[in-house]
Amino acid sequence: MNRPALSFSIDGDFALDSLPRTPHWPPVQPLEANRHAASSDIHWQRFAVAYDYPVAFTREIFSLDNALLADVISRREPCKTHRCLVYVDSGVAATWPDLNRRIEAYFTAHANRLTLLAAPITVPGGESVKANLDTIDDVLEGIRRYGVDRHAYLIVIGGGAVLDALGLAAAMGHRGVRLIRLPTTVLSQNDSGVGVKNAVNFKGYKNFIGTFAPPWAVLNDFDFLSTLSRRDRLAGISEAIKVALIRDGEFFNWLEANADSLAEFDPRTEEVMVRRSAELHMQQIGRGGDPFEQGSSRPLDYGHWAAHKLEALTHHGIGHGEAVAIGIALDARYSVLTGLLPAGAEWRIVWLLKRLGLPVFHSQLMELGDDGDLAVMAGLKEFQQHLGGELTITLLAALGRGHDVHEIDETTMTAAIDWLREEANRDAAA
């Protein structure tokens, strides 16, 4: 069985150096007020922490003869019976009413390697799970009650919001229990589910409470996509377009060429899109040099500064994928207006989004804040505050090549918004 894995290293080899004087610190001078200062020295501790985890794609993951889940759980300790606690997104539970039975049958069939600590537990799905910290408390209580320790497994089945929230609980319990993600949406299979971030919202601030905590494994079952609403299934493609625009022009060309098949949910085309998008996200995280976002650049958040603010302004009346589609179109037009992106490229992006039934404008973009300025522009400050450091926004220098800038001209961005509004009005009049 092929098991594609993501791995990266934080630092160099293990080393503990005693360095009384280093280029990073000024010489320690004796101080009359501190008689101990003369004998002070500085010890630098350095060690590497290498992470790796499989990201696999399959169908019928709970079929009794599909050993993927059991193999992944047992990969380091094949002779042990592993204890597992399973949580299921309420939306998934509603559309897959026999899922709990199938999970229990799977654990029975693989009882020599797996033990189910309790019947699968249902948790709220959608953005509400990230806004209500009670769910985190409930999951932590479940970890305590059922004895989930650092050698047991929390298996989470659901969309990106549920994976985010319960991933945070897994990272908190015992300072980190083993987490297995089973993403069930296009957006979570091709983007967020394969990453290393977990978070919930706090007092209206998106992803304010969170961690960087790589999972034990990510297992994508394409069958879950078949029961998504058309709206949600299409919205997830926006993240594939995003990563194509900043990292792979050929993939963007492929998305253009296959737009009709994607809009009709051709299974083979959808699988290729999800796989390639996931691969590009993995490459950025594993090889981009900053997996835990210690710097100021976040290329995978192209189009997201406006998207996050638009979600808030609409009180999540617009979904994340749809908001990202609008943010992509907005920053593409801005890239053209500032001379970064050749004129005409934004038309190709807008055409692709429209062909897939994704929005490129929302009236909330025109809302004014208390200061009389466009309310969406406050998203720039919030975006910067979330990461810290200098403002860094990824724009486009070509279809397939991102480019970071450190300031945004509000007049030019307003012109870009006006252009999107004209596009929307033209469509409405047609």
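Scroll up to find the structure this text is about.
Calculation rules
Every chain is numbered independently, its residues counted from 1 as its sequence is written. Residue-level local features of this predicted model are given only where pLDDT is at least 70; pairs of side-chain atoms are given and counted only at 80 or more, and the full residue set underlies all totals for whole chains, interfaces and linings. To get the side-chain values, all heavy atoms of the structure are used, and hydrogens and water are removed first. Computed over the protein atoms alone on a 1 Å grid, cavities are sets of points where a 1.4 Å probe fits but cannot get out and pockets are open sets with protein on both sides within 12 Å along at least five of seven lines; a residue lines them when it has an atom within 4 Å of a point. Grid points are joined across faces, edges and corners, and a volume is the space filled by probe spheres set on the points. Three categories are distinguished: nonpolar for Ala, Val, Leu, Ile, Met, Phe, Trp, Tyr, Cys and Pro, charged for Asp, Glu, Lys and Arg, and polar for the others, with Gly belonging to the last. In this description, the term disulfide denotes a pair of cysteine sulfurs within 2.5 Å. What counts as a ring pair is set by centres within 6.5 Å for rings of Phe, Tyr and Trp (its six-membered ring), and what kind of pair is set by the plane angle: stacked under 30 degrees, edge-to-face over 60, tilted for all other angles. Secondary structure is summarised from DSSP: a helix means a run of H or I of at least four residues, a strand means a run of E of at least two, and numbering begins at the N terminus for each. Residue burial is assigned from relative accessible area. The probe radius is 1.4 Å, only protein chains are included, and a residue is buried under 20% of its type maximum, exposed over 50%, and partly exposed in between. Placement of a charge over a ring requires the Lys NZ or Arg CZ to be within 6 Å of the ring centre, with the centre-to-atom vector within 35 degrees of the ring normal. Patch rule: a residue counts if its relative accessible area is over 30% and it has no salt bridge; like charges are joined within 9 Å, and nonpolar side chains (Val, Leu, Ile, Met, Phe, Trp, Tyr) within 5 Å. Residue burial considers only the protein chains on display, and all accessible areas are found by Shrake-Rupley using a 1.4 Å probe. Salt bridges are defined as contacts in which a side-chain nitrogen from Lys or Arg sits within 4 Å of a carboxyl oxygen from Asp or Glu. In summary, the charge assignment counts Lys and Arg as positive and Asp and Glu as negative, without counting His or the chain termini. Taken as the charge centre is NZ of Lys, CZ of Arg, CG of Asp or CD of Glu, depending on the residue. Definition of a polar contact: a pair of N or O atoms within 3.5 Å, with one able to donate and the other able to accept a hydrogen when the atoms are protein atoms, and with sequence-neighbouring residues admitted only if both atoms are side-chain atoms. Whether two residues are in contact is decided by their heavy atoms, any of which lying within 4.5 Å being enough.

Draft legend 1. Main features of the layout of surface pockets. In this structure, the second largest pocket occupies an estimated 490 Å³ of space. If you go around the second largest pocket, you meet 22 residues; those closest to its centre are Tyr51, Val177, Ala213, Pro214 and Pro215. Of the residues assigned to the lining of the second largest pocket, the class counts are 13 nonpolar, 4 polar and 5 charged.

Draft legend 2. Geometry of the state of the cysteines. Throughout the structure, instances matching the rule amount to 0 disulfides. In this model cysteine 79 remains outside any disulfide bridge; the closest cysteine sulfur is found in cysteine 84, 16 Å from its own.

Draft legend 3. Structural view of the packing of aromatic side chains. Applying the stated criterion across every chain yields a total of 11 aromatic pairs. Taking 5.4 Å as the distance between ring centres and 80 degrees as the angle between the ring planes, the aromatic pair formed by tyrosine 153 and tryptophan 216 counts as edge-to-face. Highlighted residues: tyrosine 153 in strand S8 (residues 153-158) and tryptophan 216 in the loop between strand S11 (205-212) and strand S12 (217-221), separated in sequence by 63 residues. According to the relative accessible area criterion, tryptophan 216 is buried, its value standing at 8%. Judged by centre distance (5.4 Å) and plane angle (35 degrees), the rings of phenylalanine 212 and phenylalanine 292 are tilted. Placement of phenylalanine 212 in strand S11 and of phenylalanine 292 in the loop between helix H12 (267-287) and helix H13 (304-313) is noted, with a sequence separation of 80 residues between them. Taking relative accessible area as the criterion, phenylalanine 212 reaches 33% and is therefore assigned partly exposed. Residue classification places phenylalanine 292 among the buried positions, given a relative accessible area of 14%. In textbook terms, an aromatic cluster arises when at least three aromatic residues are bridged by ring pairs, as seen for Tyr51, Phe212 and Phe292. Taking the ring centre of tryptophan 216 as reference, the NZ or CZ of arginine 75 above it sits at 4.1 Å.

Draft legend 4. Representation of a negative patch on the surface in the model. A cluster of acidic residues, Asp370, Asp371, Asp373, Glu407, Asp409 and Glu410, forms a negative patch on the protein surface. If you trace the backbone, aspartate 409 turns up in the loop between strand S14 (401-405) and helix H17 (410-429). Overall, aspartate 409 belongs to the partly exposed group, its relative accessible area being 38%.

Draft legend 5. Structural view of the side chain of histidine 281. Examined against the element boundaries, histidine 281 turns out to sit in helix H12. Here lysine 242 takes part through its side chain, which lies 2.9 Å from a polar atom of the side chain of histidine 281. Filtering out sequence-adjacent residues up to four positions away, histidine 281 remains in contact with Asn190, Asp191, Val194, Glu239, Lys242, Val243 and Leu300.

Draft legend 6. Representation of the environment of aspartate 41 in the model. Among the structural elements, aspartate 41 can be located in the loop between strand S2 (15-18) and strand S3 (43-46). Put simply, aspartate 41 and isoleucine 349 are 308 residues apart on the chain and 57 Å apart in space, counted from C-alpha to C-alpha. Within the structure, aspartate 41 has its side chain in polar contact with the side chain of histidine 43 (distance 3.1 Å).

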